[in-house]
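Close look at the chain arrangement
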Amino acid sequence: DAKTTQPNSMESNEEEPVHLPCNHSTISGTDYIHWYRQLPSQGPEYVIHGLTSNVNNRMASLAIAEDRKSSTLILHRATLRDAAVYYCILSRIQGAQKLVFGQGTRLTINP
Amino acid sequence: SQTIHQWPATLVQPVGSPLSLECTVEGTSNPNLYWYRQAAGRGLQLLFYSIGIDQISSEVPQNLSASRPQDRQFILSSKKLLLSDSGFYLCAWSERGQTYFGPGTRLTVT
């Protein structure tokens, strides 16, 4: 499985945008970029996924580099409820989706 | 809408005792199902996945087994628990590139 690299932790202020980076230099052509987040004592929650083009949904935006070797998850206006561990994962979307979770980025939001 | 159920929410079991964790999914048919585990201070690890009834694949050799007796039911079992089996067990299902996780079972083996 292709690996991803994320910063261990990041900190931001409430109501400000947050940009969470992810490097995936060995991504293959069939790998989608997925983001999940996990709040304390809960299971992970799907955030967003994409292949080549930037993606937007009600939770966040995903900006994908043209060479696909890096991506950025953008939270447009962080709230205290966005404090979580964010995981960037590469996976196919056909067949069984075997997610390989790394250590992720622990995001702290200051009030 | 789809819902995933797991029980129990918490469990304390002695070493050497058997284990059975159950997961059911509602609102979808023939889902891909998964069991993940998160040991204390460690990342989530895929244990088993299933693409259909009686079709189980194991990702990590271990003391556990999985079964899928019905389309939307996934069971995680052990004949004899070890201390190292303690952790947060999550059932999940996937569809169209998204994986949905259940509420989890926190297992403590004493």
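Just so it is clear, the model here is predicted, and its values are computed rather than measured.

Digging into the packing of aromatic side chains
Counted by the stated rule, this structure contains 10 aromatic pairs over all chains. Between Tyr36 of chain A and Tyr46 of chain A, the ring centres sit 5.7 Å apart and the planes meet at 75°, which makes this aromatic pair edge-to-face. Residue Tyr36 of chain A is found in strand 3 (residues 32-38), and its partner Tyr46 of chain A is found in strand 4 (residues 45-50); the two are separated by 10 residues along the sequence. Judged by its relative accessible area of 0%, Tyr36 of chain A is buried. For Tyr46 of chain A, a relative accessible area of 15% gives the class buried. Between Trp93 of chain B and Tyr100 of chain B the ring centres are 4.8 Å apart and the planes differ by 25°, which places this aromatic pair in the stacked class. Residue classification places Trp93 of chain B among the buried positions, given a relative accessible area of 3%. Owing to a relative accessible area of 30%, Tyr100 of chain B belongs among the partly exposed residues under this scheme. An aromatic cluster of at least three residues, connected via ring pairs, comprises Tyr36, Tyr46, Tyr87 and Phe101 of chain A together with Tyr34, Tyr36 and Phe101 of chain B. Taking NZ or CZ as reference, Arg106 of chain B lies 4.2 Å from the ring centre of Phe88 of chain B, over its face.

Concerning the pattern of salt bridges
Residues and elements named next belong to chain A. Inspection of the entire model under this criterion finds seven salt bridges over all chains. Where Glu15 meets Arg77, a salt bridge forms, and the shortest distance between an N and an O atom there is 3.6 Å. Residue Glu15 is found in the loop between strand 1 (9-13) and strand 2 (18-23), and its partner Arg77 is found in the loop between strand 7 (70-75) and strand 8 (84-91); the two are separated by 62 residues along the sequence. Overall, the relative accessible area of 53% leaves Glu15 in the exposed class. A salt bridge links Asp82 to Arg37; the shortest N-O distance between them is 2.8 Å. Of the two residues, Asp82 is situated in the loop between strand 7 and strand 8 and Arg37 in strand 3; the sequence distance between them amounts to 45 residues. Accessibility assignment for this pair places Asp82 and Arg37 in one class, buried. The network of salt bridges with shared partners includes Arg37, Glu45 and Asp82.

Things to note about the interface of chain B and chain A
The partner chain A presents 18 residues to the 20 residues of chain B that form the contact. Between chain B and chain A, a total of about 1,500 Å² is buried, with carbon and sulfur atoms accounting for 53% of that surface. Contact with chain A buries surface across chain B, with Leu44, Gly97 and Phe101 of chain B losing the most and accounting together for 31% of the total. Summed over the shared surface of chain B and chain A, the number is one salt bridge. Residue Glu59 of chain B pairs with Lys98 of chain A through a salt bridge whose shortest N-O separation is 3.8 Å. Of all the elements in the fold, those that place two or more residues in the side of chain B that touches chain A are strand 4 (32-38), strand 5 (44-52), strand 9 (87-95) and strand 10 (98-101) of chain B.

What about the environment of Leu99 of chain A?
Looking at the element boundaries, Leu99 of chain A is found in the loop between strand 8 and strand 9 (105-110). Separated by 41 residues in sequence, Leu99 of chain A and Arg58 of chain A place their C-alpha atoms 23 Å apart. Ignoring any residue separated from it by four or fewer positions in sequence, one finds Leu99 of chain A in contact with Tyr36, Ile89 and Ser91 of chain A together with Tyr36, Leu46, Thr99 and Phe101 of chain B.

Section: the sheet that holds strand 3 of chain A
Residue and element names in this part refer to chain A. Strand order in the open sheet made by the five strands is 1-9-8-3-4, with mixed pairing throughout. The outermost strands of the open sheet, each flanked by one partner alone, are strand 1 and strand 4. Pairs of neighbouring strands in the sheet enclose a mean axial angle of 25°, with direction left out of account. Across five bridges, strand 3 lies against strand 4 in antiparallel orientation. In the sheet register, His34 faces strand 4, and the bridge partner there is His49.

Description of the environment of Thr52 of chain A
Residue and element names in this part refer to chain A. Along the chain, Thr52 turns up in the loop between strand 4 and strand 5 (55-56). For Thr52, a relative accessible area of 47% puts it in the partly exposed group. The spacing of Thr52 and Leu90 is 38 residues in sequence and 13 Å in space, taken between C-alpha atoms. If we skip the residues at most four places from it in the chain, Thr52 touches Ile64 and Arg68.

Conventions used here
Within each chain, residues carry numbers counting from 1 in the order of the written sequence. Each chain gets a letter, beginning with A, and each ligand a number, beginning with 1, in the order they are written. Note on the predicted model: pLDDT of at least 70 is required for a residue's local features to be given, and 80 or more for side-chain atom pairs to be given and counted; whole-chain, interface and lining totals, by contrast, use all residues. Where side-chain values are given, they derive from all heavy atoms of the structure, hydrogens and water being excluded. Any pair of Phe, Tyr and Trp rings, taking the six-membered ring for Trp, is counted once the centres come within 6.5 Å. Such a pair is stacked with planes under 30 degrees apart, edge-to-face with planes over 60 apart, and tilted for the rest. Each helix corresponds to a stretch of at least 4 residues labelled H or I by DSSP, and each strand to a stretch of at least 2 residues labelled E; elements are numbered beginning at the N terminus. Only protein chains enter the area calculation, which uses a 1.4 Å probe; residues under 20% of their type maximum are buried, those over 50% are exposed, and those in between are partly exposed. By definition, being over a ring means that NZ of Lys or CZ of Arg is both within 6 Å of the ring centre and within 35 degrees of the ring normal. Salt bridge, as used here, is a side-chain nitrogen of Lys or Arg placed within 4 Å of a carboxyl oxygen of Asp or Glu. The contact definition used throughout considers only heavy atoms, calling two residues in contact when any of these lie within 4.5 Å. Put simply, buried area is how much 1.4 Å-probe accessible surface two parts lose in total, over both of them, once they are put together. The pairing criterion is simple: DSSP has to find at least two bridges between the two strands. Only C-alpha atoms enter the line fits that serve as axes; for helices the fit covers just the stretch in contact. Angles between N-to-C directions range over 0 to 180 degrees.

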